[in-house]
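# Secondary and tertiary structure notes
Spelled out, the chains give:
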Amino acid sequence: MSTPGIKVFAPASVSNLGCGFDILGLALERPGDEIIARLSERKELRITEITGDKGKLPREIDKNTVTIAASALLAHLGEEGRGIDFEIHKRMPFSSGLGSSAASAVAGVVAVNELLRRPLEKRDLLPFAMRGEQFASQAWHADNVAPSLLGGIILIRDNASLDVHRIPAPRGLYLAILHPHIAISTAESRMRLPETVPLVDMVTQTGNLGGLIQGLYQSDFNLISRSLQDVVIEPFRSKEIPHYEEIREAALNAGALGCLISGSGPSMFALCDNSLLAEECGAKMRGVLKKHGLRHDLYISGIHSEGAMKY
Ligand code: HSE
């Protein structure tokens, strides 16, 4: 018999933000994942339902990011014998560069923590959500998990120790996110990246990273705009995204502060200094894919300040 459940929303996220490969990310107001979790008397975790995944996500407890993360948290709490049933409602695309696996892992640990009446502070859930994300992406980077869990814009000083810091989000920042309907696996995309970076690119990239952080602290949109560049990763990944340059030009001509790849792609984000501009940039970006007859989704979103939450 199941008890009444709780429902958790975990937001999608935009990671890297151009110059912050693996160390910067922000949470989106939409889209996101929803999980309903219920305590049960069966003394095991179960996935009772998954919707929105077209049958593609694993139902096995040791292969699904939700239950991998939930199991890690339960083991830490000495609650391995707990019975919990999960319904997973994917309300966002996966292999899209929007942190789908991270959102699921985050939703899983927040749901468990809520069901057990919050034994841990939200921030302390991070390492357990990371276990789910690690399984999915075969790497340890918190630039989707941390913003999805904690909200806002997050800087990860060090991924190994999960030394994460919240950066202020200037009022008015809005994003247009274009998701072309092709799938890019983060794990495969990472394997195609070079292992070394030329010194001259390191200098440019760190300069832009510092500029972006300073711009966010000072609400200096001009500095943010100048800093939204990526000379290290974009040259490799942009080739995988159809009509990348044309979409980017369309967003910049419409007034975006910058337009780059979201995570490992194929989604692209345009950062804007107000919501109307984000709508206009989004319309121009989608216009490119419409012209070329490519299927896509468009999201217009602010930054989710709270991160994953029961609602
Ligand atoms: N920072 C990671 C990458 C995020 O770009 O590979 C993937 O969503």
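Being a predicted model, the structure only gives us computed values, none of them experimental.

With that settled, consider the site of the ligand. Around the ligand, the neighbouring residues are Ser15, Asn16, Phe21, Asp22, His141, Asp143, Asn144, Thr186, Arg190, Arg237, Gly263 and Ser264. In the model, an oxygen atom of the ligand is placed 2.9 Å from a nitrogen or oxygen of the Asn144 side chain. Here Arg237 contributes a side-chain N or O atom positioned 2.7 Å from an oxygen atom of the ligand. Within the complex, 98% of the 260 Å² of free accessible area of the ligand lies under protein.

Time to look at a nonpolar patch on the surface. A cluster of nonpolar side chains, contributed by Val197, Leu199, Met202 and Val203, occupies part of the molecular surface with about 370 Å² of accessible area. Mapped onto the elements of the fold, Met202 is located in helix α6 (residues 199-218).

Position of Glu114 among the secondary structure elements: in helix α2 (residues 100-115). A polar contact of 3.0 Å, which involves the side chain of Glu114, links it to the side chain of Arg118. Once you skip the residues sitting within four places of it in the chain, Glu114 turns out to touch Ile6 and Lys310.

In this structure, Asp143 sits in the loop between α3 (126-137) and α4 (145-150). Buried charge without a partner: Asp143 forms no salt bridge, and the closest opposite charge is Arg190, 6.0 Å away. A polar side-chain atom of Asp143 sits 3.4 Å from the main-chain amide nitrogen of Asp22. Sequence-distant contacts of Asp143, defined by excluding residues within four places in its chain, comprise Ser15, Asn16, Asp22, Ile23, Leu24, Gly25 and Ile156.

Attention now moves to the domain arrangement of the chain. Looking at the chain, the domain boundaries give domain 1 (6-168) and domain 2 (174-302). Tallying the contact residues gives 31 residues for domain 1 and 37 residues for domain 2. Of all residues in domain 1, the largest losses of buried area upon contact with domain 2 belong to Cys19, Phe21 and Ser95, amounting jointly to 22% of the total for that side. Here domain 1 and domain 2 share 1 salt bridge between them. Here Asp22 and Arg190 are joined by a salt bridge, their closest N and O atoms 2.7 Å apart. Viewed at the interface, domain 2 and domain 1 are joined by 13 residue pairs in polar contact (both at pLDDT 80 or more). Among the secondary structure elements, those contributing two or more residues to the side of domain 1 that touches domain 2 are β1 (6-15), β2 (24-40) and β6 (163-167).

Taken as a whole, the largest pocket holds about 650 Å³ of empty space. Along the wall of the largest pocket there are 39 residues; nearest its centre are Phe94, Ser95, Ser101, Ala136 and Thr186. Listed by contribution, the elements that provide at least two residues to the lining of the largest pocket are α1 (65-76), α2, α3 and α5 (186-191). Tallied by class, residues from the lining of the largest pocket come to 12 nonpolar, 18 polar and 9 charged. When we break the lining of the largest pocket down by domain, the ones giving at least three residues each are domain 1 (6-168) and domain 2 (174-302). The volume enclosed by the second largest pocket comes to roughly 340 Å³. Along the wall of the second largest pocket there are 14 residues; nearest its centre are Lys54, Lys56, Pro93, Phe94 and His179. Classifying every residue of the lining of the second largest pocket by side-chain character gives 6 nonpolar, 4 polar and 4 charged.

Thresholds, definitions, all that
- Residues numbered from 1 in each chain as written.
- Predicted model: local features only at pLDDT ≥ 70, side-chain atom pairs only at ≥ 80, totals over all residues.
- Heavy atoms only, no water.
- Near = heavy atom within 4 Å.
- Polar contact = N/O pair within 3.5 Å; in protein donor to acceptor, adjacent residues only side chain to side chain.
- Areas by Shrake-Rupley, 256 points an atom, 1.4 Å probe, with all protein chains shown as cover.
- Patch = residues over 30% accessible without salt bridge, like charges linked within 9 Å, V, L, I, M, F, W, Y side chains within 5 Å.
- Salt bridge = Lys/Arg side-chain N within 4 Å of Asp/Glu carboxyl O.
- Helix = DSSP H or I, 4+ residues; strand = E, 2+ residues; numbered from the N terminus.
- Contact = heavy atoms within 4.5 Å.
- Buried < 20%, exposed > 50% of the residue type's maximum accessible area, 1.4 Å probe, protein only.
- Lys, Arg positive; Asp, Glu negative; His and termini not counted.
- Domains from an automatic or database assignment.
- Buried area = accessible area lost by both parts, 1.4 Å probe.
- 1 Å grid on protein atoms, 1.4 Å probe; cavity = no way out; pocket = protein on both sides within 12 Å on 5 of 7 lines; lining within 4 Å.
- Points joined across faces, edges and corners; volume = space filled by probe spheres on them.
- Nonpolar A, V, L, I, M, F, W, Y, C, P; charged D, E, K, R; others polar.

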